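# Chain and residue survey
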Amino acid sequence: MTNQGFTGPLYAPSGALSTANLLSIEPYLIFSRSGTQLGPDGRRRRSRTISTSYENATLVKYSIFRWMSVQIIPAFSYATTRDRTGGSIAGRGISDLPIDASFRIPTGRPNWWPDASLFVGASLPTGAYSRLGNADDAGGSGVTGLHFMATTQSNFIIGNEMGLRIRTWWSERLYPGNAHFKGVNAYVSIPVQEGVARPPRVTQFGVGFEFAFDVRWVLAVDVLHNATGAVSTAYMMTDNGGRYSMHHDYAASADQTLVAPGFEYNWSPFSGVIAGFATSFSGVNSPTTFNVQLAYSHVF
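The present account deals with the structure reproduced in this document. This is a predicted model, so every value here is computed, not measured. (Residues numbered from 1 in each chain as written. Predicted model: local features only at pLDDT ≥ 70, side-chain atom pairs only at ≥ 80, totals over all residues. Heavy atoms only, no water.)

This model, assessed by the stated rule, comprises 4 salt bridges. Here Asp 115 ties to Arg 104 by a salt bridge, and the two come within 2.9 Å at their closest N and O atoms. Of this pair, Asp 115 sits in strand β7 (residues 115-124) while Arg 104 sits in strand β6 (residues 97-105), placing them 11 residues apart in sequence. Its relative accessible area of 24% is what places Asp 115 among the partly exposed residues. You can call Arg 104 buried: its relative accessible area is 15%. A salt bridge links Glu 210 to Arg 165; the nearest nitrogen and oxygen atoms lie 2.7 Å apart. (Salt bridge = Lys/Arg side-chain N within 4 Å of Asp/Glu carboxyl O. Helix = DSSP H or I, 4+ residues; strand = E, 2+ residues; numbered from the N terminus. Buried < 20%, exposed > 50% of the residue type's maximum accessible area, 1.4 Å probe, protein only.)

Below, the structure written as structure tokens:
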């Protein structure tokens, strides 16, 4: 598998780079659409609104040592929400900025033995979340988040030198502080005088498969699960007479399971492209998402 090219699946993250002083760049274009919702019983229901978004996210990774890499993922999105009665809003902006350090744990074993990496990082609150023009301008949480992740990667030879690569991962993102907001915001669907909320804990885990038909063409499939914790929000509003009133909202925890197939074409072991889609097929209290993705990967 020396000359085998793997761009990487749509979701399964790569570990720390195995050679020092390498730069990896992976820009993604993502189109998402959702018009239905999975309720607390897991049944699909039509939403009151139809949401559409266009996102550009770029993974930039640099290996300082053969066992340590650093990475950032800047992202920008444009979103629209259309009410089924005819009204619509649109917004754009940058997202919070994840910054991670990854540490490769070499095994010295054959390729089929998992090569593991551990990640630790933070999500900087660069995205807008308070005093927005409208709800679709929201792109951030307002709080610095902490991120921890573990990944594995194994390589196999099948039959006539065909390659199979398997990645697994477990990721946790949590927020130790509260977000304080005013006006139109990312947490409450109506403008408020002021409010406070703690972003939810987000867990993601999954497995990604890449089966190489030859050194250039690869079929990739991810299966992943997202679990988002409950959110408790307190906010204050004023009526027409100037009187203040306190309100409390509670958003239940949500789960979502997705499958994401795609095809890769690799010009070399250092350069390739992948196109595919992702769709959710089970969950509770979550939108039934469908997105189309196109990504390019190059290692310098």
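Additional details are given in the paragraphs that follow.
For the rest of this paragraph, the subject is the sheet that holds strand β15 (residues 244-251). Pairing within the open sheet is antiparallel, and its 4 strands lie in the order β10-β11-β14-β15. The outermost strands of the open sheet, each flanked by one partner alone, are β10 (179-183) and β15. Averaged over neighbouring strand pairs, the angle between their axes works out to 20° when direction is ignored. (Pairing = 2+ DSSP bridges. Axes fitted to C-alpha atoms, helices over the stretch in contact; angles between N-to-C directions.)

Moving on: the nonpolar core. In terms of nonpolar packing, the biggest core is built from 14 residues, with Trp 169 and Ile 274 touching the most fellow members. Of all elements in the fold, only β1 (23-38), β13 (217-228), β16 (254-268) and β17 (271-284) reach the threshold of two or more residues within this core. In this structure Ile 274 touches Thr 7, Gly 8, Pro 9, Leu 10, Ala 220, Gly 262, Phe 263, Glu 264, Gln 293, Leu 294 and Ala 295, once residues within four positions along its chain are discounted. Ranked by size, the runner-up nonpolar core spans 5 residues in total, among them Phe 181, Val 188, Ala 197 and Tyr 235. (Core = buried A, V, L, I, M, F, W, Y, C linked by side-chain atoms within 4.5 Å. Contact = heavy atoms within 4.5 Å.)

Unusually for a residue other than glycine, Arg 131 sits at a positive phi of about 55°. Relative to the elements of secondary structure, Arg 131 occurs in the loop between β7 and β8 (145-158). Look at Arg 131 and you get exposed, because its relative accessible area is 63%. Even without being a glycine, Asn 285 presents a positive backbone phi close to 50°. Note on placement: Asn 285 falls in the loop between β17 and β18 (286-287).

Considering all chains together, one arrives at 11 aromatic pairs under this definition. Where Phe 181 meets Tyr 187, the ring centres are 5.6 Å apart and the plane angle is 20°; that geometry is what we call stacked. Taken together, the ring pairs connect Trp 217, Tyr 265, Trp 267 and Tyr 296 into an aromatic cluster. (Phe/Tyr/Trp six-rings, centres within 6.5 Å; stacked < 30°, edge-to-face > 60°.)

Of the strand pairs in this sheet, β1 and strand β2 (residues 44-65) are connected by 15 bridges, and their pairing is antiparallel. Each bridged residue has a counterpart across the sheet, and for Ile 30 the counterpart in β2 is Glu 55. Here β1 hands over to β2 after 5 residues, with Gly 42 in that stretch at a positive phi of 85°.

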